[in-house]
Amino acid sequence: MSEKEEGRYLTKLTHTAREIDPEIKFYGRRKGKKIRPYRQSLMDDLLPKITAKFEPEFASTDPNSFFDKKYKEIWLEIGFGNGEHMAEQARQNPDIGIIGCEPFLNGVSNLLTQIDQQNIENIRIWPDDARVLIDALQTDSINKVFVLHPDPWPKKRHRWRRFIQTETLNMFSRIMNKDSILRMASDDPDLAEWMLTKAWQNDNFEWMAECQSDWKVRPDDWFETRYEKKGYTENRPPFYLQFKNI
């Protein structure tokens, strides 16, 4: 996808993160291989219909307003990759509205194929920097947050680029209901320790693990993706971290 095509998709959908906050810095890929014609048609036609649209000047957007009907709970997945986990959660929980943030447009197009082919109605997408959307959401409006396998940024000089920081955890806590759950995962031991330490040291969160299996064994409702399966075959088992917003 060319820079011109990328800009067309983003400006056609909603305000971009750059427009809302010129100071915001994004690190990571926004595009990969050329998107195939079918997926391009979904980017053109389906994505605008299910994009989480909001006015950036208002910092109290009800996430239920993104949907055609009111859901009993709203969940948020940040960096959904190819969308496998998010699509399965939506299928298994049709009474839950799920918002996914993913700036990598090839991943967005993959999720769109699942939504289109499986008639999934309870997903909305923000195809840009998650921090901008989080800033716009109402306090106490999200019931569960997923951050699964974010970029580890393994070099020490790049650790400040990692998505999980004290600041982002504070942002999560504001939009999350009391006792709602933050789920994080990584197969990178250094990043897993980083996320655990950052959340453990944050007074807004309480680690839910009571024994070793709680962070070593994937919960039944935590759907396995192809990435996780590949990690197991390559001796990279994930660390599963669950925290409660207190």
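Let me begin by describing the structure that accompanies this report. (Residues numbered from 1 in each chain as written. Predicted model: local features only at pLDDT ≥ 70, side-chain atom pairs only at ≥ 80, totals over all residues. Heavy atoms only, no water.)

## Thoughts on the overall build of the chain
- For the chain, the count of helices and strands is 10 helices and seven strands.
- Taken across its 246 residues, the chain has 51% of its residues classed as buried.
- For the chain, the share of sequence-separated contacts (at least 6 apart) that also reach a separation of at least 24 residues comes to 78%.
- Of the roughly 12600 Å² that the chain leaves accessible, carbon and sulfur atoms contribute 48%. (Helix = DSSP H or I, 4+ residues; strand = E, 2+ residues; numbered from the N terminus. Buried < 20%, exposed > 50% of the residue type's maximum accessible area, 1.4 Å probe, protein only. Contact = heavy atoms within 4.5 Å. Areas by Shrake-Rupley, 256 points an atom, 1.4 Å probe, with all protein chains shown as cover.)

## What to know about the nonpolar core
- Ranked by internal contacts, the top residues of the largest apolar core, which has 35 residues, are Leu76, Leu133, Val145, Phe172, Leu182 and Met184.
- Secondary structure elements with two or more residues in this core: strand E1 (73-78), strand E2 (96-101), helix H6 (130-136), strand E4 (142-148), helix H7 (166-175), strand E5 (176-186), helix H8 (189-200) and strand E7 (239-245).
- If we ignore the near neighbours within four places in the chain, the residues touching Phe172 are Ile78, Ile134, Val145, Val147, Phe163, Ile164, Leu182 and Phe205.
- Residues Met43, Val108, Ile125 and Tyr240 belong to the second largest nonpolar core, which totals 25 residues. (Core = buried A, V, L, I, M, F, W, Y, C linked by side-chain atoms within 4.5 Å.)

## Here we look at the sheet that holds strand E3 (residues 123-126)
- Pairing within the open sheet is mixed, and its seven strands lie in the order E3-E2-E1-E4-E5-E7-E6. For this open sheet the edge positions go to E3 and strand E6 (205-207), each flanked by a neighbour on one side alone. Strand after strand, the sheet turns through a mean of 20° between neighbouring axes, direction not considered.
- Where E1 and E4 come together, four bridges link them in parallel fashion. Each residue of the ladder has a partner; that of Glu77, found in E4, is Phe146.
- With respect to the sheet, H8 is in contact with E5, E6 and E7, its orientation differing from that of E7 by roughly 15°. (Pairing = 2+ DSSP bridges. Axes fitted to C-alpha atoms, helices over the stretch in contact; angles between N-to-C directions.)

## Description of the packing of aromatic side chains
- Following the criterion strictly, the structure yields eight aromatic pairs and no others.
- With a centroid separation of 5.1 Å and an interplanar angle of 55°, the aromatic rings of Phe54 and Trp126 are classed as tilted. Here Phe54, found in the loop between helix H3 (37-45) and E1, pairs with Trp126, found in strand E3; they are 72 residues apart in sequence, far enough to count as distant.
- According to the relative accessible area criterion, Trp126 is buried, its value standing at 0%.
- Judged by centre distance (5.9 Å) and plane angle (10°), the rings of Trp215 and Phe239 are stacked. Of the two residues, Trp215 sits in helix H9 (residues 213-216) while Phe239 sits in strand E7, which places them 24 residues apart along the sequence.
- We classify Phe239 as partly exposed; its relative accessible area is 24%.
- Three or more aromatic residues joined by ring pairs make a cluster, and in this case those are Trp200, Trp207 and Phe243.
- Of note, Lys144 hangs over the ring of Trp75, and the distance from its end group to the ring centre comes to 4.4 Å. (Phe/Tyr/Trp six-rings, centres within 6.5 Å; stacked < 30°, edge-to-face > 60°. Lys NZ or Arg CZ within 6 Å of the ring centre and 35° of its normal.)

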